[in-house]
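# Residue-level structure breakdown
Single-letter residue listing:
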Amino acid sequence: MRAVHRDQLVGTLLLVFGAVWTGVVYLTVSPGFGDGIGPRAFPLGLGVLLVFLSALLLVSGFRKTRAQAQEAPEEDAETDGFTEKGRAELRMVASVFAVIVAYGFLMEKIGFQIATVLIVAASMWLVLGIRKPTVIAAMAIGLAGGCWLVFGKILGAYLPPGTWLPNF
Amino acid sequence: MDLLYSALTVALAPDAILAVAIGTFVGLVFGSIPGLTFTVALALVLPVTFSLEATPAIGLLLGTYIGGMTGGSVSAILLGIPGTPSSAATVIDGYQLTKRGKASLALGTAVIVSTFGGLFSLVVMIVSVDFVAKMALHFGPVEIFALVLFGLSTICGLSEKSLVRGLIAGVIGLMLMTIGLDDIDGVQRLTFGTITLQQGVNLLVAMIALFAVPHVIQAFTEYYRNDTQTVNATDVSVELPSFRVLKDNFWLMVRSAFIGTGIGAIPGTGGPIAAFIAYAQAKRSAKDGERFGKGALAGVVAPETANNAVTGGAMIPLLSLGIPGDPATALVLSGLLIHGLVPGPMLFIQHPGEIYAIYISIIVAYICVLAIQLLGIRFFVQILRVPAHLLAVAIVVMCGFGAYAVRNSAFDVYTMAILGLLAYGLMRARIPLTPVILGLVLGPTLEREFRTALILSEGNFATFFSSVTAVVFYVLAIGVIALHFFGQSREARAARNKTKQQQQEKAV
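Here's what I pulled together on the structure shown here. Keep in mind that this is a model prediction, so the values were computed, not measured.

### Observations regarding the packing of aromatic side chains
All names here are of chain B. Using the criterion set out here, one finds 19 aromatic pairs over all chains in the structure. Where Phe120 meets Phe258, the ring centres are 5.0 Å apart and the plane angle is 80°; that geometry is what we call edge-to-face. Of this pair, Phe120 sits in helix α6 (residues 103-136) while Phe258 sits in helix α11 (residues 250-264), placing them 138 residues apart in sequence. Here Tyr279 and Phe292 contribute two aromatic rings whose centre-to-centre distance is 5.6 Å and whose plane-to-plane angle is 75°, an arrangement assigned as edge-to-face.

Okay, structure coming up:
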C-alpha cells in the first residue's frame, strides 16, 4: 500500500471512529451536576479531538496523493490487502486473534493446563503449519508443565481449574 | 539508620534476591533477542508480581528493566542487529569489533561499562530524587494537572516522524481510560450496561496487548512468509577489559553516564537518544575520531554506559513525580501502583523503607547482570538461535496467563485480543504505540485533577493560572512542543532542499 493511500484510509477510519465515539458518549453518558465539568466532558472532548486530528491526517494524505500523482502518475496503486503478502498477514492477524480468544474461553472452561496444551498444539499445527509431532508435543507439554510449575507451584499464582471439569 | 537496616533486611532476603536475579535473567534473554524488547518482557512479568510481596515484586520488575537494557548489546555486538533500540548505537563499532575477532572484548567491555553507567545514575538518582519530591510535596490539583500535561507533552518526542500521528495515539490512550465508572461522580461511561466494563480497561491488560500481541502477529507472519532470518552466532566468551583500557576510557565513561542520566530524567527521551548522543560526543572528542565506525572500543563504551545510565535518570521523574518517561518505566509504574506504592512526593513519606529497598534492588540487579553475563554469555548466544515463531508461541501462553491473572477473568483475555488487534492496526498505520501508553497511564490523573481543581474553584477556569509552578509546567510543555515542531520543520525543509537539489542535478 502506498503511504498516502494508508494516510487516507487510516484518517477515514479514525474519523468515523471518533465521530461514532462522540455520538455514543453524547447520547449515553450523563453530563453531571454542580460546579466544574461533569463525567461527559472528557470523553466527549477527546472524541472531538480525534475527529479533528483524523481530518488533519486525511487532508495531509490527499495532499501527498496529489503530489505523488504529479510526480509518478503511472505508479501502481495496489493495496497490501490484495497481494499475496497482505493475505498472509491478514490470515495471521485473524489466527492470532482467534487463538487468544479460544485460549481465554478454554482456560476458563477446561482449565489452564489442558487449554495450554491444546492451544500450543493448535497454534503450531493449524496456524504455523508445523508437521513435526514430537516438536509440537514437546512444546505443548513443556510449556503447560513449565507454567504450572513456575506460576502455580513456585509463585503460588491461581491457575484456573476449569468450570467444565469436576473438582477432585 | 533503622530504616536502612530494615530495607537491607527486606531487599537482601533470599526471595527478594531470587526475584531480582530471575528478572535480570529474563530481561537479559528478552533484551538479547532482536525484536523481542524488554518492554515485552516487563509486560509479561508484571502479572507474575501479583503473588509476590512488594519488594520482591518491584525487584523482579527492576531486574527485568535493567537486564533488558544491558542484554541488547549481545546481539548488537555479535550479529550487528540491536537487541533493543537502546543498543542501536552499539552496533556501529561493536559489530566491527566482532568482525575483527574482538567480540569477547567488546562484550566484556559492554558489561563492565553498563554496570558503571547504571550505578553512576543510581547515585545521581538517590541525590536528586528526594529533592525533586520535596519540591513536589506542596502540589495541589492545579499543579498536578499542569505536571501531567507537561508529561503528556513529551508525546511529541515519542511521535517518531509525525506529530499528528503521535497526538492521535495519545488521544486513543486517553479515550481508552475513560471507559468504565467515572472516578468522581461514579457515572457509567461507555459500559453499555455491562458489569464487566464498569471496571474499565485494565492498564495491565492494555500493556500486554499493546506490546506482546503485535510481536506475536509479526513473528507468525514472518514465519508463514518464510521471512525468518537464520542466526549464525559463533561461540564466544567474555573477555574483561584490562585496567589500562578502563583507565583510558574513564572520563568518557563519566561523560557518557552524565549524558545518559540527564537524558533519562527528561520524560519522552530514553535510551536510544542517550546512546546516540553519547556516541556522537565520544567521536567528536576523540583524538582518533576517524577510527569510530571501524571497530573503536570507545564506540562501545560511550553508548553502553549512556543507555544504562538512562535507567537511574528515568527513575527520577518516575519516583518523585509519578511521570514515566518511556514504556518500560510506565510498566514499572504499573507494578508500583499494583503493590500500593503510589509514586510522587508522598511515597517518600509513606514508604521510605520501600524506597531504600528499591535502591538496594537496583544495586543487586547490576551485580546479577555482571554475574549472569560473565558466567552465562554462551547461553545467551544459544538463545539467539531459538526460532522466533516458537518464542512467539510461548509468548501467547504468557499473554493468556498474564491477562487472566489480572482479575481471574476470561473477559480480560478477550479484551487483550481486541486491544492487541487495535495495536497491530495502529502499528501498521505507522501510529506509534508509546504515546498510547502515556495516555493510558496519565489519563485518569489528568482528568481527576482537572475536575477536582474546577470543583474546588467553583468552576473558575482562572484557577489553572493561579499557581507559578503550574505556569512553569505549561511553559515547559509549550517549549517541548515548540522544540519538536521546529525540529520537524527543519528536517522537512532539509529533505525538500535535498530533493530540489537532486532534481536540479538530474536536469543538468
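### Focus on the nonpolar core
Residues B:Met125, B:Phe220, B:Leu319, B:Met416 and B:Leu440 are the most contacted members of the largest nonpolar core, which totals 204 residues. Each of two domains, domain 1 (3-77) and domain 2 (81-154) of chain A, supplies a minimum of three residues to this core. Among residues more than four places away in sequence, those in contact with B:Leu319 are B:Met125, B:Val129, B:Leu336, B:Pro343, B:Gly344, B:Leu347, B:Phe348 and B:Ile358.

### As for the interface of chain A and chain B
Chain A puts 61 residues into the contact, and the matching count from chain B is 61 residues. A buried area of about 5500 Å², summed over both sides, lies between chain A and chain B, and 79% of it is on carbon and sulfur atoms. Area buried by chain A at its contact with chain B is led by A:Phe42, A:Ile100 and A:Leu128, which between them contribute 11% of it. Our count for the chain A to chain B interface comes out at four salt bridges. A:Asp7 is the partner of B:Arg165 in a salt bridge, and the nearest nitrogen-oxygen pair spans 2.3 Å.

### Some points on the environment of B:Ile217
Tracing the sequence through the fold places B:Ile217 in helix α9 (residues 203-224). Along the sequence, B:Ile217 and B:Gly420 sit 203 residues apart, while their C-alpha atoms lie 9.3 Å from each other.

### Structural notes on the environment of B:Leu197
Residues and elements named next belong to chain B. One can find Leu197 in the loop between β2 (188-189) and α9. Here the alpha-carbon distance between Leu197 and Lys161, two residues 36 residues apart in the chain, equals 35 Å. For Leu197, the residues in contact, after removing those within four places along its chain, are Ile179, Gly180, Leu190, Thr191, Phe192 and Phe411.

Quick notes on the rules
- Residues numbered from 1 in each chain as written.
- Chains lettered and ligands numbered in written order.
- Predicted model: local features only at pLDDT ≥ 70, side-chain atom pairs only at ≥ 80, totals over all residues.
- Heavy atoms only, no water.
- Phe/Tyr/Trp six-rings, centres within 6.5 Å; stacked < 30°, edge-to-face > 60°.
- Helix = DSSP H or I, 4+ residues; strand = E, 2+ residues; numbered from the N terminus.
- Core = buried A, V, L, I, M, F, W, Y, C linked by side-chain atoms within 4.5 Å.
- Buried < 20%, exposed > 50% of the residue type's maximum accessible area, 1.4 Å probe, protein only.
- Domains from an automatic or database assignment.
- Contact = heavy atoms within 4.5 Å.
- Buried area = accessible area lost by both parts, 1.4 Å probe.
- Salt bridge = Lys/Arg side-chain N within 4 Å of Asp/Glu carboxyl O.

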